[in-house]
Amino acid sequence: MRQKRVCLAWFVLHFLLIITFSCRETLWLIAQGPTIFPPSFKRFSQRAERSVSAALGQRLAASNPVRQALATYLHITGIESGYGYFAPNVPGSYKLVFELHYPDGRVEYELPRVNRAAAGLRLAGLLDQIGRTKYDALREILVKMLAQSLWREHPDVKTIRAVFGSIRLPSVSEFEHGKRESYEFLYAYDFSLRDGPGEPENP
Amino acid sequence: MRKRLLEFLFPAEPDTWLSILRLGLGLQVTLYSSSLQNDWNYLLSGTGTGLISRDLAESLLSVESHFVPRLGWLVALGAHVGLREEAVLSVAWFCLLAAGGGLLLGLACRSSAILAWFLHLCAAKSGGFLSYGVDNFMTIGLFYLMLSPLPDRYSLDWRLRAYRSKDPQFFGFWRRVLQLHLCLIYFFSGLTKCLGSGWWDGSNLWRALIRPPFNIIPPEILVRWNYFLPVLGISICLIETGYPVFIWLKKTRMVWLICIFGMHIAIGFTMGMYLFALVMIILNAAAFGPGLASRQAESTCGQRTEMAIR
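No experiment lies behind these values; they were computed from the predicted model shown.

## Overview of the overall build of chain A
So, step 1. A tally of regular secondary structure across chain A gives 6 helices and 5 strands.
So, step 2. For chain A, the α and β elements follow one another from N to C terminus as α-α-α-β-β-α-α-β-α-β-β.
So, step 3. For chain A, the C-alpha radius of gyration of 22 Å lies well beyond 17 Å, the compact-globule estimate for 203 residues.
So, step 4. Taking the principal axes of its C-alpha atoms as reference, chain A extends roughly 75 × 45 × 30 Å.

## Here we look at the packing of helix H10 (residues 168-194) of chain B against helix H15 (residues 274-288) of chain B
All names here are of chain B.
So, step 1. Packing of H10 against H15 brings their axes to within 9 Å, and their N-to-C directions diverge by 130 degrees. The angle between H10 and H15 falls in the class oblique. The two elements H10 and H15 cross, and the hand of that crossing is left-handed. In contact with Arg175, Leu178, Gln179 and Leu182 of H10, H15 contributes Leu283, Asn284, Ala286, Ala287 and Phe288.
So, step 2. Looking at the contact of H10 with H15 residue by residue, the class counts come to 6 nonpolar, 2 polar and 1 charged.

## Details of the domain arrangement of chain B
Residue and element names in this part refer to chain B.
So, step 1. Looking at the assigned domains, one finds that chain B contains domain 1 (1-158) and domain 2 (178-310).
So, step 2. Here the C-alpha centroids of domain 1 and domain 2 sit 27 Å apart.
So, step 3. Contact residues are listed per partner, giving 17 residues for domain 1 and 14 residues for domain 2.
So, step 4. Listing elements by their share of the side of domain 1 that touches domain 2, those giving two or more residues are helix H2 (16-35) and helix H8 (133-147).
So, step 5. With 10 residues, the single largest contributor to the side of domain 1 that touches domain 2 is H2.
So, step 6. Among the residues making up the side of domain 1 that touches domain 2, the classes are represented as 11 nonpolar, 6 polar and no charged.

## Thoughts on the interface of chain B and chain A
So, step 1. Each partner contributes residues to the interface: chain B has 60 residues there, and chain A has 57 residues.
So, step 2. If you list the elements that add at least two residues to the side of chain B that touches chain A, you get helix H3 (40-44), helix H4 (54-64), helix H7 (109-126), H8, H10 and helix H11 (203-210) of chain B.
So, step 3. Considering every element that reaches the side of chain B that touches chain A, the biggest residue donor is H10 of chain B, with 11 residues.
So, step 4. Tallied by class, residues from the side of chain B that touches chain A come to 34 nonpolar, 20 polar and 6 charged.

## Description of the packing of helix H5 (residues 71-80) of chain B against helix H6 (residues 85-105) of chain B
All names here are of chain B.
So, step 1. Contact geometry of H5 with H6 gives a least axis separation of 9 Å together with a crossing angle of 125 degrees. On the basis of their axis angle, the class for H5 and H6 is oblique. The chirality of how H5 crosses H6 is right-handed. On H6, the residues touching Leu71, Leu74, Val75 and Gly78 of H5 are Glu85, Ala87, Val88, Leu89 and Ala92.
So, step 2. Here the contact of H5 with H6 is composed, by residue class, of 7 nonpolar, 1 polar and 1 charged.

About the criteria used
Per-chain numbering applies: the sequence of each chain, read as written, is numbered from 1 onward. Chains and ligands are labelled by the order in which they are written, letters from A for the one and numbers from 1 for the other. Reporting in this predicted model follows two pLDDT cut-offs: at least 70 for local features of residues, and 80 or more for side-chain atom pairs to be given and counted; totals over whole chains, interfaces and linings ignore these cut-offs and use all residues. Segments assigned H or I by DSSP are reported as helices when at least four residues long, segments assigned E as strands when at least two residues long, and all are numbered from the N terminus. Within these notes, the globule rule equals 2.2 Å times the number of residues to the 0.38 power, and the radius of gyration is based on C-alpha atoms. Between N-to-C directions, angles span 0 to 180 degrees; the directions come from axes that are lines fitted to C-alpha atoms, helices contributing only their stretch in contact. Working definition: roughly parallel below 35 degrees, roughly antiparallel above 145 degrees, roughly perpendicular at 65 to 115 degrees, and oblique for all remaining angles. The handedness criterion is simple: a crossing whose near helix is rotated anticlockwise from the far helix by less than a right angle is left-handed, and one whose near helix is rotated clockwise is right-handed. C-beta atoms are placed from the backbone for every residue, and two residues are taken to be in contact when these atoms lie within 7 Å. Amino acids outside the nonpolar list (Ala, Val, Leu, Ile, Met, Phe, Trp, Tyr, Cys, Pro) and the charged list (Asp, Glu, Lys, Arg) are all regarded as polar, and Gly is one of them. Domain segmentation is taken from an automatic or database assignment of domains.

What follows is the structure, encoded as structure tokens:
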């Protein structure tokens, strides 16, 4: 009976966390929009999301033991994120192209690559994260790391220009009228071995 | 009320579902590690020899919590005994593969489940920028598996060792946990999809299928079937949102499970997300698969009796 009580207590806490985090993500998605709800819902969702986050200790200092303990539990159980995959709308994807400039003036183009398709899906996820991050510094560091991985394969390259863009997908009717996917320039970074951090160039 | 709740949460169940979960996750872990064999060190290296530095993901993870398992712990431990990072990562990969094999055979079930959960979690968290949905669901499945009353009757442990879990109510409890978690997963997944207009007119399904790297089917073929896209989009919303209701009803359970399997098989083949599809099928098969045939027969039999009485 005692074991059952322990299981029951854990069950209540565990599912309370799952439900609360899923509700928070749903509110966040509505707040980010666009959704089928009228725009006036956005403000309500933002406020509600903030309240739920506060209730979950997400507004506490990062070093707070309660927040740290909760984060640890969420990560080890796999419930730290919601389940809104491809929701409410399917986002576009991103593309990163490297221009490799050789000392003799030659230019080659390369894409970041991995060996197997399973890792390829992960690489696409990485590009999505680079594209979606709000932090310019983080974006630049990640692009720089990818450029460095390429540099190891081409040690004689003088400079690398990384061009990051989003892929614009055509709608069904656009596709029927001959329009295909297109690329929109977002950022460019120039890297050289001696210069250190690249200089970003925004659209 | 309390009694009914306890009866619901602790039903006496056989361990068939646990066998399915163990075998399924054993297969999943084995395929997961095999699929990353050639890229493992490249994706998870922290010394500037990989794709991106593992140290960055681990530093960001530390902002959230210092206690979430990560490969950096193992690398630091290896450094104490003179092992290089590459060697530690290779050993971790091999141990994960062995844990998957252990689960498949049912050998040292509990230890294999704990090892698989720990190493997979380390890899998923250290490769934070490279993780996606499949990692979450593997963590969820492996977490429940390692806490469940192993070994099950189809494991080698059952045959070779004296210790056996006997209380069928705990088999029932952990099955309920998995069942209810799946209900929440599908409900919120469906609900958030319903919020987007693109799922009602089929445009989101179109975008999902032509979006690199999921664009396995040429758009020229897809466009011929574009009239079906709204129907499929709405069906996905309804199947997912309706899951917490219709999966419990005897009459609709089989249909709903078939629809869910169909949806995940389609995701696997049309978008190339084989591991994601497999883990979802395994979790569903373990949670709602066992006893389905007998319940269906019971339901049909009940209907016939009812008709005969009328």
